[in-house]
Amino acid sequence: MDNQRIAAFARLVVPFYALVNAFLLSMGYNPMPFSDEDVTAAVNTVIGAVGTLYVWWKNNNVTQTAQEAQLIHDQVKRVKEEVTVTKEEDL
């Protein structure tokens, strides 16, 4: 599933959930039987976990050797893109 589909799905599910929640509250039911502190703890946990995973996944070039290797990698990538564009222009 690509990012656009995930974003579209979230934009559909979140308002639907809010409407169902509002309806249940108006009928006298409490669909979320947890306190504000529980919600805050859960949100902070999710933010912390996502942040940790992003930092772990991100390419962190700390050493000088790693930074030089990244430059070489970027140059090879740029040349590959130029070759691809040239091939497409020849068609």
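Structure shown above.
Bear in mind the structure is a predicted one, so any value in this text is a computation, not a measurement.

(A) Representation of a nonpolar patch on the surface within the structure. On the surface, a cluster of nonpolar side chains totalling about 350 Å² of accessible area is made up of Phe34, Val39, Val43 and Ile47. Among the structural elements, Ile47 can be located in helix α2 (residues 36-57).

(B) Quick look at the side chain of Asn21. Relative to the assigned elements, Asn21 resides in helix α1 (residues 3-26). Once residues lying within four places of it in the same chain are set aside, the contact partners of Asn21 are Pro31 and Met32.

(C) Local environment of the packing of aromatic side chains. The tally for this structure, following the rule as stated, stands at one aromatic pair. On the basis of an interplanar angle of 55° and a centroid distance of 6.4 Å, the ring pair of Trp56 and Trp57 is categorised as tilted. Accessibility assignment for this pair places Trp56 and Trp57 in one class, exposed.

(D) Highlighting α1. Across its 24 residues, α1 extends 35 Å between first and last C-alpha, which sits within 8% of the 34 Å expected from 1.5 Å per residue. In the stretch just after α1, Gly28 is the one whose phi turns positive, near 95°.

Conventions and cut-offs
Residues numbered from 1 in each chain as written. Predicted model: local features only at pLDDT ≥ 70, side-chain atom pairs only at ≥ 80, totals over all residues. Heavy atoms only, no water. Patch = residues over 30% accessible without salt bridge, like charges linked within 9 Å, V, L, I, M, F, W, Y side chains within 5 Å. Areas by Shrake-Rupley, 256 points an atom, 1.4 Å probe, with all protein chains shown as cover. Salt bridge = Lys/Arg side-chain N within 4 Å of Asp/Glu carboxyl O. Helix = DSSP H or I, 4+ residues; strand = E, 2+ residues; numbered from the N terminus. Contact = heavy atoms within 4.5 Å. Phe/Tyr/Trp six-rings, centres within 6.5 Å; stacked < 30°, edge-to-face > 60°. Buried < 20%, exposed > 50% of the residue type's maximum accessible area, 1.4 Å probe, protein only. Expected span 1.5 Å × (residues − 1).

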